[in-house]
Amino acid sequence: MSGPHKSRAKSPVETPCVNICVVHRESGLCTGCLRTLDEIAGWSGYTPEARRAIMEALPERKALLRQRRGGRAGRINRGG
């Protein structure tokens with residue numbers, strides 16, 4: 001065979017995943033990447049445009065996560 005071979009490998013899928021997979025109970029968002037479970041599950045099947053649209057919305061979702069005040073310190077501070 002002559003000439004260079006072009007690779008047909010796909011480029012990696014762009015993702016906001018940071019390998020911190022904990023779903024916030026009230027918002028239903030992953031606290032690491034701020035996506036919903038449905039978005040995470042379907043991510044590899046989305047078009048690049050659909051993924052970018054979701055990624056552009058992620059900063060606004062941060063406000064939906066309330067700071068956790070649980071555990072012993074949280075109960076003491078709440079008088080419980």
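Note that the coordinates shown come from a computational prediction; the quantities given were computed from them, not determined experimentally.

### Comments concerning the packing of aromatic side chains
Any aromatic ring pair is given by two values, namely how distant the centres are and how the planes are angled relative to each other.
Then step 1. Evaluated as defined, the whole model comprises one aromatic pair.
Then step 2. Ring centres 6.0 Å apart and planes at 65 degrees place the aromatic pair Trp43 and Tyr46 in the edge-to-face group.
Then step 3. In this structure Tyr46 comes out as partly exposed when scored by relative accessible area, which is 27%.
Then step 4. Directly above the ring of Trp43 sits Arg35, whose terminal nitrogen or CZ lies 4.6 Å from the centroid.

### Comments concerning the confidence of the model for the chain
Then step 1. Mean pLDDT over the chain works out to 81, with 68% of the residues at or above the 70 mark.
Then step 2. Of all helices and strands in the chain, the one with the weakest mean pLDDT is helix 3 (residues 71-77) (58), whereas helix 1 (residues 37-42) scores best (96).

### Focus on the environment of His24
Then step 1. Position of His24 relative to the elements: it lies in the segment before helix 1.
Then step 2. Through-space distance from the C-alpha of His24 to that of Leu34 is 9.3 Å; in sequence the pair is ten residues apart.
Then step 3. A polar atom in the side chain of His24 sits 3.1 Å from the backbone nitrogen of Ser27.

### With respect to helix 2 (residues 48-61)
Then step 1. For helix 2, built from 14 residues, the straight-helix expectation of 20 Å at 1.5 Å per residue is met to within 8% by its first-to-last C-alpha distance of 20 Å.
Then step 2. Among all positions of helix 2, only Arg51, Ile54, Leu58 and Arg61 are buried. The arc enclosing the buried residues of helix 2, seen along the axis, measures out at 65 degrees, which places them on a common side. In helix 2, the exposed positions angled more than 90 degrees off the buried face are occupied by Glu49, Glu56, Pro59 and Glu60.
Then step 3. Buried positions along helix 2 lie against helix 1.

The rules behind the values
Note that residues are indexed from 1 along each chain, following the sequence as it is written. Restriction of local features to residues with pLDDT of at least 70 applies here, the model being predicted, together with a cutoff of 80 or more for giving and counting side-chain atom pairs; totals for whole chains, interfaces and linings are based on all residues. As a rule here, side-chain values come from all non-hydrogen atoms in the structure, and water together with hydrogens is ignored. Side-chain rings of Phe, Tyr and Trp (the six-membered ring for Trp) are treated as a pair once their centres are within 6.5 Å; stacked means planes under 30 degrees apart, edge-to-face means over 60, and tilted covers the remaining angles. Note on classification: 1.4 Å probe, protein chains only; a residue is buried when its accessible area is under 20% of the maximum for its type, exposed when over 50%, partly exposed between these limits. Definition used: whenever NZ (Lys) or CZ (Arg) falls within 6 Å of the ring centre and also within 35 degrees of the ring normal, the charge is taken to sit over that ring. A score from 0 to 100, pLDDT tells how confident the predictor is in each residue. Where helices and strands are cited, they refer to DSSP runs of H or I of at least four residues and of E of at least two residues respectively, numbered from the N terminus. Polar contact is the term for a pair of N or O atoms within 3.5 Å; when the atoms are in protein, one must be able to donate a hydrogen and the other to accept it, and sequence-neighboring residues count only if both atoms are side-chain atoms. To estimate how far a helix should reach, multiply one less than its number of residues by 1.5 Å. What the arc describes is the spread of directions from the helix axis to the C-beta atoms. Two residues form a contact once any of their heavy atoms are found within 4.5 Å.

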